[in-house]
Amino acid sequence: MTSLVTARGVSKRFGDVLAVDNVSFEIEQGRIMGLIGPNGAGKTTLLKALLGLTDCDGELSVLGLDPFRQRKELMRNICFIADVAVLPRWIRVSQLLNFMAATHPNFSMSRAQELLSHTKVRPDAKVRQLSKGMVTQLHLSIITAIDARLLVLDEPTLGLDIIFRKEFYGNLLNDYFDGERTILITTHQVEEIENLLTDIMFINEGRIILDTTMDSLAGQYSELMASGDNADKARSFGPIFERDVFGKKAMVFEGVSREQLADLGELRTPSVADLFVAKVKGAAA
Amino acid sequence: MISNQLSLVRRELWEHRAIYIAPLVIALVMSLMSLTGQVTISAFGHEVDLAIIGASSAGEIERQAAITAILMVFTSIFALGAWILMIFYSLDALYAERRDKSILFWRSLPVTDAETVISKLLTAVLVIPLTAFAFVVVTHLLNLILWSIWLSIQGGDAGHLLWSAAPLFDNWAATLIIAVAMPLWLSPLIGWFLFVSVFTRRSPLLIAFLPMFVVPMLEKMVSSTSLFWDAIFVRSVRPPLFKGIDVSRIFDEDNFQIAADTASLLAKIDLARFLSSPSMWLGLVVCGLFTTAAIYIRRYRDES
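Since the structure is predicted, the reported quantities are computational estimates derived from the model, not experimental observations. (Residues numbered from 1 in each chain as written. Chains lettered and ligands numbered in written order. Predicted model: local features only at pLDDT ≥ 70, side-chain atom pairs only at ≥ 80, totals over all residues. Heavy atoms only, no water.)

### A word on the overall build of chain A
- In terms of helices and strands, chain A carries eleven helices and 13 strands.
- A buried classification covers 53% of the 285 residues belonging to chain A.
- Restricting the contact set of chain A to residue pairs at least 6 apart, pairs at least 24 apart contribute 67%.
- Here chain A contributes 32 positive and 37 negative side-chain charges, whose respective centroids are spaced 7 Å apart. (Helix = DSSP H or I, 4+ residues; strand = E, 2+ residues; numbered from the N terminus. Buried < 20%, exposed > 50% of the residue type's maximum accessible area, 1.4 Å probe, protein only. Contact = heavy atoms within 4.5 Å. Lys, Arg positive; Asp, Glu negative; His and termini not counted. Charge placed at Lys NZ, Arg CZ, Asp CG, Glu CD.)

If you want it as structure tokens, here you go:
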């Protein structure tokens with residue numbers, strides 16, 4: 001596996017605040033990585049560093065390039081949709097496609113037109129005339145028509161209704177992702193992307209507190225629903241987090257074999273959302 | 001690089017349609033005024049006949065001078081319009097993309113900040129004046145045709161009175177030189193406007209113009225000199241592009257005494273003086289500094 005993104009000891013300081021604190025990780029080609037973290041955890045700062053929008057300390061390489069110093073080369077092979085990177089409202093869809101074709105060497109006009117033909121977005125419409133969902137469809141179609149190696153999505157579906165959100169991720173998997181391309185995605189709506197991720201990374205207070213593949217998640221973490229004495233016994237195995245669910249205790253364990261816990265109650269793999277809460281709150285406790 | 005610039009400049013024309021709509025409106029309004037003027041003066045049948053006879057018997061130089069003056073009235077309105085467009089355009093150029101939050105989208109494309117900022121500078125100093133120049137030519141022709149038709153109806157000889165006497169190519173060549181040279185002369189101001197538009201968070205017009213008045217006032221109060229006032233305002237209206245007289249004096253009463261000179265606008269232009277003017281080159285350097293600063297800010301500023 002080739003590593004597309006390599007970060008070693010990456011830090012970013014804003015005045016007294018260490019937004020990203022000595023972070024190291026790798027993203028391999030062909031993966032769909034979810035970067036999950038609460039507000040102010042350093043997600044956006046980290047993404048900006050990856051996209052060369054901000055400088056940082058440490059060693060950061062994206063597609064073998066220094067993102068901050070080799071931005072133009074990087075932008076040929078990287079795309080991003082961010083909630084804050086909105087399409088200009090004054091532009092016509094046809095103008096936007098023409099501009100992309102003229103400035104982006106890896107953009108395919110025919111592919112974009114084909115993708116848009118499945119939507120209600122008309123070529124002569126101005127962006128300001130489109131609904132928010134349609135603008136996102138347009139943006140995703142443009143991005144999908146770029147033969148880029150890495151796609152970065154920062155809260156791409158913020159403010160969209162559930163139908164557009166489902167469609168967005170459906171299109172992302174069907175049209176964009178081909179096993180060769182790589183996606184890095186952040187969102188608060190973890191439940192919606194849980195099933196499409198191959199890798200997951202949690203970030204909190206500027207530090208990475210979890211970095212694993214979805215496949216190995218089940219082997220590392222388990223959630224036990226137990227009550228009464230069983231809950232007390234389970235507690236001796238050192239759950240990283242515990243909460244009350246309908247009078248029972250839901251405990252999340254890290255690195256405890258399932259055989260040891262199997263007799264104590266109902267066992268399952270925690271959802272990403274639950275695991276996230278466990279990691280963040282557990283660390284705080 | 002070149003093809004990217006063309007796409008980027010085309011993008012500016014999509015966003016700022018006033019660049020061609022404003023001169024189009026000026027052309028239409030002035031042609032309409034020509035028409036209503038014709039209708040109005042047609043009512044004075046006898047006087048019109050006398051005027052045509054008088055004009056027919058005037059010397060060729062006088063006719064050329066008179067038509068040059070009329071052509072210049074049209075040109076100067078376009079020039080004023082282009083200058084206003086350049087001010088508003090350059091104040092908006094790097095501000096609008098932050099106001100509508102599209103800057104990160106533009107920056108997600110493989111286009112450098114230098115390319116983007118330079119495309120906006122080129123639009124201001126080249127595209128706006130050259131568009132205005134094209135409209136000047138069209139408006140001159142259109143109005144000469146309108147007046148030819150009117151003259152023919154009145155029984156005058158338009159070919160003799162207008163076309164043979166109109167030093168069109170002289171006039172257009174001179175106008176083209178002015179259209180290229182004046183923005184270069186004013187480029188430090190355009191650079192300043194672009195620089196303001198890249199950093200200001202609100203009201204670029206106010207932020208740009210306030211210091212242009214406050215700084216010379218402070219200078220006057222502190223040292224009772226007027227270096228800034230001269231550099232900003234006196235310099236702006238005194239380009240070293242003309243022989244002997246200033247732009248402001250072209251329409252002076254004296255003109256009727258130097259009519260032979262007035263007939264040729266090209267003869268008034270002193271390109272050697274312009275190109276050898278240290279003040280012009282210094283202005284370009286100032287523009288370059290402001291532009292570099294604008295590129296730097298767009299490149300290295302953290303948008304959050």
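### Observations concerning the sheet that holds strand 9 (residues 207–213) of chain A
Residue and element names in this part refer to chain A.
- Taking strand neighbours across the sheet as the criterion, the six strands line up as 5-6-7-3-8-9 in an open arrangement whose pairing is mixed. Of all strands in the sheet, those with a lone pairing partner are strand 5 (78–82) and strand 9, marking the two edges. Along the sheet, successive strands turn relative to each other by an average axial angle of 15 degrees, direction set aside.
- Taken together, the six bridges between strand 8 (residues 199–204) and strand 9 define a ladder with antiparallel strand orientation. By the bridge assignment for strand 9, Asn 204 is matched with Arg 207.
- Lying over the sheet, helix 5 (residues 132–144) contacts strand 5 and strand 6 (150–154), oriented at roughly 170 degrees with respect to strand 5. (Pairing = 2+ DSSP bridges. Axes fitted to C-alpha atoms, helices over the stretch in contact; angles between N-to-C directions.)

### Quick word on empty space enclosed by the protein
- Under the counting rule described, the total for this entry stands at four cavities of 30 Å³ or more.
- Taken as a whole, the largest cavity encloses approximately 70 Å³ of empty space.
- Contributing to the lining of the largest cavity are Phe 99 of chain A together with Leu 8, Arg 11, Glu 97, Trp 106, Leu 109, Val 111, Thr 116 and Arg 298 of chain B.
- Considering only residue class, the lining of the largest cavity consists of five nonpolar, one polar and three charged. (1 Å grid on protein atoms, 1.4 Å probe; cavity = no way out; pocket = protein on both sides within 12 Å on 5 of 7 lines; lining within 4 Å. Points joined across faces, edges and corners; volume = space filled by probe spheres on them. Nonpolar A, V, L, I, M, F, W, Y, C, P; charged D, E, K, R; others polar.)

### Things to note about the interface of chain B and chain A
- Facing 27 residues of chain B, the contacting portion of chain A comprises 32 residues.
- Looking at the side of chain B facing chain A, the largest losses of area belong to Trp 14, Phe 105 and Pro 110 of chain B, adding up to 26% of the total buried there.
- Where chain B touches chain A, the interface holds one salt bridge.
- Close ionic contact of Lys 72 of chain A with Glu 115 of chain B constitutes a salt bridge, the shortest N to O distance being 3.1 Å.
- Linking chain B with chain A are five residue pairs in polar contact (both at pLDDT 80 or more).
- Of all the elements in the fold, those that place two or more residues in the side of chain B that touches chain A are helix 1 (2–15), helix 6 (103–107) and helix 15 (278–300) of chain B.
- Partitioned by chemical class, the residues of the side of chain B that touches chain A number nine nonpolar, six polar and twelve charged. (Buried area = accessible area lost by both parts, 1.4 Å probe. Salt bridge = Lys/Arg side-chain N within 4 Å of Asp/Glu carboxyl O. Polar contact = N/O pair within 3.5 Å; in protein donor to acceptor, adjacent residues only side chain to side chain.)

### What about unusual backbone geometry?
- Not every positive phi belongs to a glycine, and Phe 246 of chain A is a case in point at roughly 50 degrees.
- The class for Phe 246 of chain A is exposed, based on a relative accessible area of 85%.
- The backbone phi angle of Lys 101 of chain B is positive, close to 60 degrees, even though this residue is not glycine.
- Within the element layout of this structure, Lys 101 of chain B appears in the loop between helix 5 (96–99) and helix 6.
- The exposure class assigned to Lys 101 of chain B is exposed, which follows from its relative accessible area of 52%.

### Some words on the pattern of salt bridges
- Taken as a whole and assessed by the stated rule, the structure comprises 23 salt bridges over all chains.
- A salt bridge links Asp 55 of chain A to Arg 69 of chain A, with the shortest nitrogen-to-oxygen separation between them at 3.0 Å. In this pair, Asp 55 of chain A sits in the loop between helix 1 (43–50) and strand 4 (57–62) while Arg 69 of chain A sits in the loop between strand 4 and helix 2 (71–76), placing the two residues 14 residues apart along the sequence.
- Taking the relative accessible area as the measure of exposure, Arg 69 of chain A reaches 53% and is therefore exposed.
- In this structure, Arg 11 of chain B engages Glu 15 of chain B in a salt bridge whose closest nitrogen and oxygen atoms are separated by 2.9 Å.

### Observations concerning the packing of helix 4 (residues 60–93) of chain B against helix 9 (residues 168–185) of chain B
All names here are of chain B.
- Between helix 4 and helix 9, the least distance of the axes is 12 Å, while the angle of their chain directions is 20 degrees. Compared by their axis directions, helix 4 and helix 9 come out roughly parallel. In this structure, the crossing between helix 4 and helix 9 has a hand that is right-handed. Along the contact surface, helix 4 presents Thr 68, Leu 71, Met 72, Thr 75 and Met 86, while helix 9 presents Leu 168, Asn 171, Thr 175 and Pro 183.
- Counted by class, the contact of helix 4 with helix 9 contains five nonpolar, four polar and no charged residues. (Parallel < 35°, antiparallel > 145°, perpendicular 65-115°, else oblique. Left-handed = near helix turned anticlockwise from the far one by under 90°.)

### Comments concerning the nonpolar core
- Counting 60 residues, the largest nonpolar core has Leu 138, Ile 183 and Ile 200 of chain A as its most contacted members.
- If you tally residues by element for this core, the top one is helix 5 of chain A, at six residues.
- Here this core gathers at least three residues from each of two domains, domain 1 (3–205) and domain 2 (216–284) of chain A.
- Residues in contact with Ile 183 of chain A, not counting those within four places in the same chain, are Arg 31, Ile 32, Met 33, Leu 151, Leu 153, Leu 172, Tyr 176 and Phe 177 of chain A.
- The next biggest cluster of nonpolar side chains, apart from the first, holds 34 residues, and it includes Val 20, Cys 56 and Leu 150 of chain A together with Leu 104 of chain B. (Core = buried A, V, L, I, M, F, W, Y, C linked by side-chain atoms within 4.5 Å. Domains from an automatic or database assignment.)

### Some details on the packing of helix 7 (residues 113–153) of chain B against helix 9 of chain B
All names here are of chain B.
- The contact between helix 7 and helix 9 brings their axes to 9 Å, and the two run at 160 degrees. As judged from the angle between their axes, helix 7 and helix 9 are roughly antiparallel. Handedness of the helix 7/helix 9 crossing: right-handed. Here helix 7 contributes Val 125, Pro 129, Leu 130, Phe 133, Val 136, Val 137, His 140, Leu 141 and Leu 144 to the contact with helix 9, which in turn contributes Leu 168, Asn 171, Trp 172, Thr 175, Leu 176, Ala 179, Val 180 and Pro 183.

### Quick word on the side chain of Arg 63 of chain B
- Residue position: Arg 63 of chain B is located in helix 4.
- Arg 63 of chain B gets classed as buried once you look at its relative accessible area, which sits at 8%.

### Some points on the side chain of Asn 4 of chain B
- Tracing the chain through its elements places Asn 4 of chain B in helix 1.
- Residue contacts for Asn 4 of chain B: discarding those within four places in its chain leaves Lys 72, Ala 102 and Thr 103 of chain A together with Pro 110, Val 111 and Glu 115 of chain B.

### Comments concerning the sheet that holds strand 4 of chain A
Residues and elements named next belong to chain A.
- Here we have three strands laid out as an open sheet, ordered 2-1-4, and antiparallel in their pairing. Here the strands that pair on one side only, and so sit at the sheet edges, are strand 2 (17–28) and strand 4. This sheet shows a mean twist of 15 degrees between the axes of neighbouring strands, independent of strand direction.
- Two elements, strand 1 (residues 3–14) and strand 2, share eight bridges in a ladder whose sense is antiparallel.

### Focus: the packing of aromatic side chains
- Taken as a whole and judged by the stated rule, the model has 17 aromatic pairs over all chains.
- The interplanar angle of 35 degrees and the centroid separation of 5.1 Å between the aromatic rings of Phe 213 of chain B and Phe 233 of chain B together place this pair among those described as tilted. With Phe 213 of chain B in helix 11 (residues 204–223) and Phe 233 of chain B in helix 12 (residues 227–234), this residue pair connects regions lying 20 residues apart in the sequence.
- A relative accessible area of 41% means that Phe 213 of chain B is categorised as partly exposed.
- Pairwise contacts between aromatic rings join Trp 90 and Phe 99 of chain A together with Phe 105 and Trp 106 of chain B into one cluster.
- The aromatic ring of Tyr 176 of chain A is capped on one face by Arg 181 of chain A, whose charged end is 4.2 Å from the ring centroid.
- Sitting over the face of the ring of Phe 68 of chain A, Arg 299 of chain B holds its NZ or CZ atom 4.7 Å from the ring centroid. (Phe/Tyr/Trp six-rings, centres within 6.5 Å; stacked < 30°, edge-to-face > 60°. Lys NZ or Arg CZ within 6 Å of the ring centre and 35° of its normal.)

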